[in-house]
Structures are given as C-alpha cells and as structure tokens.
Amino acid sequence: MLRFSLYRMVVLLCVAIMLYTVYRWCRILFGPGPEPDGRQFQHTCNMTEHYRHELERLFERVHRLLEQHGLTHFLCYGTLWGQIRMAKMLPWREKAEFCVLNEELMRHEEARFIRNFYASELRIHYLHSEGIYRIFAQESTAQHAPPYVELVVFQLDEVQGMYKRIGWKRRLLPPNCDWTPSLDCFPHNLLQGTLPKRPLGHHHHYTVPMGGIELQKYHYPDSWWKEVKVRNCNLQ
C-alpha cells in the first residue's frame, strides 16, 4: 500500500505549482504578439465601415501629434498589412499600429508628451509589460468597444544591428534575437535613409519601412507569404 506522508504531499504540491508557473510564463513570454489573429490569416469582416473610418480618423490624429513631436513613426504589424494588401485598414481589425523608436521618445519629457495627447482630446496610457502606448479618442461614437491606436516601442541594439521590442517581460529573456522570437527583431537598415510614404485610407500617406513587405518577413516569419482567408468580406 502506497503511503503519502505530509512531507511528500507538500513536495508534490510545490512541484505542481512550479510546473504551472513555468507553463504560464511560457504562454506569456512566447505567446502571440500584438496581432495574434494576424498570424493565422483567418478572419471575419465584422467591423463596419463607420468603425473603420473612425479608426482611420483616430490614426491620422495620432500621426499629426507624432509629427509635431518630430518622432519617427511608421506602419507595422496589421496596419502595414492593410497598406500592402488594400491601401486601407483591414476590415476585421479593431486597432491600428505605429512603430516608434525608444531613443527618440527618451528625448521628450513623458509627462508633457502625455499631456499633449490629452490636450488633443485623446486618452493615452502605457503598458509597461508590452512596451506599448495605447490611445483612444475621448469622443468615440462606437457602439461597442472603441477603436484604438498602439505605439509599439522599439529599441536599437547596436551590437546586433537590430531593433527589438521593449517591455519588462522581454527583459527576463535572453537578448539575442535568434533565441527570443518575442523580441520581434528587424535589421536597422530597414529604417535607414529617407523612408518612403504609401497611401492608407482616404487621401492619407504614411511612412513605411524600406523594402515594403521586408519588415513582415521578420514579424511574421512563418506566414508572411500566405494568402488571407476571410469570410463575409469583399477585399476588392
């Protein structure tokens, strides 16, 4: 007959807690990035034209503020896919992204930077774990969850010659790009020189990285070449 002493039960409980903790951290640290559904390319076009137009207006307002601060900002992630495939926001997305550079943000006083958004009737807050600023319009007319814009912050690693995502959860992992896919690394030469501008939405042009789709090869290494699969959608 197998006997369980109190000591054995405590040891088993500690081991179970440790295994569960490791599992949860792996889900957090190696889980999907800013656009988890974009990596699967399976969507339903459930956003209305009104919602998309509101997102485009918010995106333009954020763009103007970033220009006023003299900050480099360029299309990335799902917003760059929208520009490449449709020259407008993808009709299944509830948000849009600009990627920005940490070394430029550090030159600005953060409190003043945030106040300027509130002065423009925009709400902004920083997600420390992800290294993302999330921005909403104060006067959104969306009936359900309002559209929002994310500023995804990247930091240049001069030793590797790569830009990498910041955020405290990534600082717990090896800094090498090959070992840590969640760093979303891309080579610094994609931001060298005068960056081109491409159309997105109604009569607006925004900065994109060099090479167009080249950035997506790094952020979507397993699926960047695949066709988009959608339902209830006319992408023409």
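Residues numbered from 1 in each chain as written. Predicted model: local features only at pLDDT ≥ 70, side-chain atom pairs only at ≥ 80, totals over all residues. Heavy atoms only, no water.

(A) The pairing of strand S6 (residues 148-157), seen in detail. Buried residues dominate S6, accounting for eight of its ten residues. When strand S3 (residues 95-101) meets S6, the two strands line up parallel, connected through seven bridges. Bridge pairing in S6 links Phe98 to Leu151. Counted along the chain from S6 to the antiparallel partner strand S7 (residues 162-165), the turn is four residues long, and its residue Gly161 has a positive phi close to 70 degrees. (Buried < 20%, exposed > 50% of the residue type's maximum accessible area, 1.4 Å probe, protein only. Helix = DSSP H or I, 4+ residues; strand = E, 2+ residues; numbered from the N terminus. Pairing = 2+ DSSP bridges.)

(B) Molecular detail of the state of the cysteines. For the coordinates displayed, the defined rule picks out two disulfides. Through a disulfide, Cys177 is tied to Cys185; the S-S separation comes to 2.1 Å. When the S-S torsion is -85 degrees, as for the bridge of Cys177 with Cys185, the disulfide is left-handed. No difference in accessibility class separates Cys177 from Cys185, as the two residues are buried. (Disulfide = S-S within 2.5 Å.)

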